[in-house]
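Each chain is listed here by its residues.
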Amino acid sequence: MIGDTRGAVAFLVAAGLWACSAGEKTATNDSLSNAGPQATSAAAIGTTGPSGARIAVAHAGPPGEWQMPAGDYASSRYSELASITPQNAANLRVAWAFSTGVLRGHEGQPLVVANTMYVVTPYPNVSYAIDLAQTGQPLKWKFRPENSQQAIGRACCDVVNRGAAYADGKIFYNLLDGHTIAIDAATGNQVWRTKMGDLSRGETMTMAPIVVKGKVIVGSSGGEMGVRGWIAALDAATGKEVWRAYNIGPDRDVKVGPKFKTFYAHDRGKDLGVSTWPGNTWKTGGGAVWGWLSYDPALNLIYHGTSNPGPWNENQRAGDNKWTAAILARDADTGEMVWAFQVTPHDMWDYDAVNENILVDLPIKGQQRKVLVHFDRNGFAYTMDRATGEVILAEPFVPMNWSTGVDLTTGRPNVVETKKTAQDKLVKDICPSLEGGKNQQPAAFSPQTGLFYVPTNNLCMDFQARAVTYIAGTPFIGGNAPEKGGPGGYRGEFIAWDATTGKKIWGIKEPYPVWGGALATAGGVVFYGTLDGWFKAVDARSGKVLWQFKVGSGVVGNPVTYTGPDGKQYVAIYAGIGGDMGLLIAGDVAANLPYDVRERGTTLPDISRWTSWGGELFVFSL
């Protein structure tokens, strides 16, 4: 492994990579078939709280299970379990723990189905089934897939995996080397394995799939490698590819046709995925799908974001560069694009738009609206009509200075001229940095409070673009962007956000970016973890910290909650610093690497005082 690690480090240092980078349909019995996660309501209507807010889609399976990455298709990360409350959260204790046997970034979350917990590690993407019904939580099975070691050196931002999905007796997840696999949930035997990405071109896979109407939806990573991003559907029973849609290129490849009814006039026209790029630069233009997926059964729409355009050097790709840095809505059956919204046209700051899209119904100005809420890397929180792509509201949720606001008549940000980047020009103090106001760490929503709970970053950067030549399978970046702490003397904050007004309700400032996800519960308690290794329980209404526990490594994963065989409520979280924060810009957190092998991070040089690489699952209960 030392040889492999040296290769990965050499790749990162050579890259100068400080950081990575509609007509309505009625839900039918077919659309809610047993090939996908089973909702607790046949109508697939989520929990409604006293605020009038409602999650658009019900929790998958019984309230005490966690069958899919975000708990539901709406990406709410909300649980109806309510045993843990602000009154008793201080009594939380470690119930048990499990070492994954793997270091590097433990993003993602475990699944819990019928008294079995399923865990997927970073590369080499080993999966475990843990028996919750027996004392000592023994393994039911362990599966180690074939997984090319070349993938380590091709991965942009650590060898992370954002988790698995369960449906129809199978566990589905992606391998770093570009394969999607299905595992029999009972036996641990591989059911099928399908090659989806081309590793020789720099395509890797780190995202968590979802299963929709018998299809496994997956996407690619590699925006910093000059890939051409795509999203695809596989038959859950056989692994056969059903459809694939590219995010840039001609309409036929992007699946733009008669169903495409985008809200803004400037997003209409033929072959915009080609004409908004100079020459053939769209062929190496990025637009990967490495983030989170959502699905509205009533509209039959899958929602996903796309990554940055390639290269970072904006002079090499004049135009809007559609459909990179965008939110796209696609027909789940065919992959056809129904609407598109480019969050950051002609992105010149590496502001990927792959963050989660949370589907909720909210009372806005006296009217109940079916919305999508998206906290973008560019620092704006968007409240959008999820049927049409109209921006209802867009407000900054972190300190930012690259834009003065979003023009609601066009949906486009007003860019500050002095913060525009250009080749061989050093632009200082751009906020947020390319890590974004929020990165992959997912937010949560509570219908009880009507609030969103958002882990955020407070970082700025200096940016200098440079000329770069495309060579397949190698970094295609064209810029350096050293980062620094943002204004206020803190580098992260966990906030409660009102998406009906665009206002922060409360915040908990943290010394480091809050790189782990959030979990909201019906007990009125919200959970999140920190880079310096604290796992915290917070009062959902006041933001008061009720309890905290120091876990074995920094938290970059996402909490889940479940009901154990004993009827008690449990909360689980991965500990294992990694991703950008543990590999690229952190200080000396990797004790197994000789000091002179890697360039030490300058953004978080002191974090090694508080944490080191690790790989462990912690489970807590009252």
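This write-up is about the structure you can find in this document. (Residues numbered from 1 in each chain as written. Predicted model: local features only at pLDDT ≥ 70, side-chain atom pairs only at ≥ 80, totals over all residues. Heavy atoms only, no water.)

What follows deals with the nonpolar core. If you look at the biggest cluster of nonpolar residues, it comprises 103 residues, and the most contacted ones within it are Trp-339, Leu-362, Phe-452 and Tyr-453. Core analysis: the second largest hydrophobic core is formed by 49 residues, Ile-84, Leu-132, Tyr-570 and Leu-617 among them. (Core = buried A, V, L, I, M, F, W, Y, C linked by side-chain atoms within 4.5 Å. Buried < 20%, exposed > 50% of the residue type's maximum accessible area, 1.4 Å probe, protein only.)

Moving on, we come to the sheet that holds strand E35 (residues 525-529). If you trace the 5 strands from one edge of the open sheet to the other, you get E2-E34-E35-E36-E37, paired in mixed fashion. On the outer flanks of this sheet lie strand E2 (78-79) and strand E37 (545-550), each paired with one strand and no other. Across 5 bridges, E35 lies against strand E36 (residues 534-539) in antiparallel orientation. Pairing of Tyr-528 across the sheet is with Lys-536, part of E36. (Pairing = 2+ DSSP bridges. Helix = DSSP H or I, 4+ residues; strand = E, 2+ residues; numbered from the N terminus.)

Bringing the state of the cysteines into the picture now. Within the structure shown, the criterion is met by 2 disulfides. One disulfide bridge connects Cys-156 with Cys-157, the sulfur atoms lying 1.9 Å from each other. Among the residues examined, Cys-156 registers a relative accessible area of 12% and is labelled buried. Here Cys-431 pairs with Cys-460 through a disulfide, and the sulfurs are 2.0 Å apart. The S-S bond linking Cys-431 to Cys-460 shows a torsion near 105°; that makes this disulfide right-handed. With Cys-431 in the loop between strand E26 (426-430) and strand E27 (444-446) and Cys-460 in strand E29 (residues 459-465), this residue pair connects regions lying 29 residues apart in the sequence. Take Cys-431: its relative accessible area is 7%, and that puts it in the buried class. (Disulfide = S-S within 2.5 Å.)

Turning our attention to unusual backbone geometry. Excluding glycine, a negative phi dihedral is what most residues carry, and trans is how most peptide bonds are arranged. For the bond running from Gly-310 to Pro-311, omega is -5°, close enough to zero to count as cis. With respect to the helices and strands, the residue Pro-311 is situated in the loop between strand E17 (301-305) and strand E18 (326-331). Here the phi dihedral of Gln-137 falls at roughly 45°; this positive angle occurs in a residue that is not glycine. One non-glycine residue with positive phi stands out, namely Ala-325, at about 45°. The residue Ala-325 is located in the loop between E17 and E18 in this model. The exposure class assigned to Ala-325 is buried, which follows from its relative accessible area of 0%.

Turning our attention to the environment of Phe-527. Residue position: Phe-527 is located in strand E35. C-alpha of Phe-527 to C-alpha of Leu-546: the two residues are 19 residues apart in sequence and 10.0 Å apart in space. Excluding its chain neighbours within four sequence positions, the residues that come into contact with Phe-527 are Ile-84, Leu-92, Gly-517, Ala-518, Leu-519, Thr-521, Phe-535, Lys-536, Ala-537, Pro-559 and Val-571. (Contact = heavy atoms within 4.5 Å.)

A word on the sheet that holds strand E39 (residues 569-575). Judged by pairing direction, the sheet is antiparallel, and its 4 strands sit side by side in the order E3-E40-E39-E38 without closing on themselves. The strands lining the two open edges of the sheet, one partner per strand, are strand E3 (93-99) and strand E38 (560-563). Put simply, the sheet's adjacent strands are angled 25° from each other on average, direction ignored. (Axes fitted to C-alpha atoms, helices over the stretch in contact; angles between N-to-C directions.)

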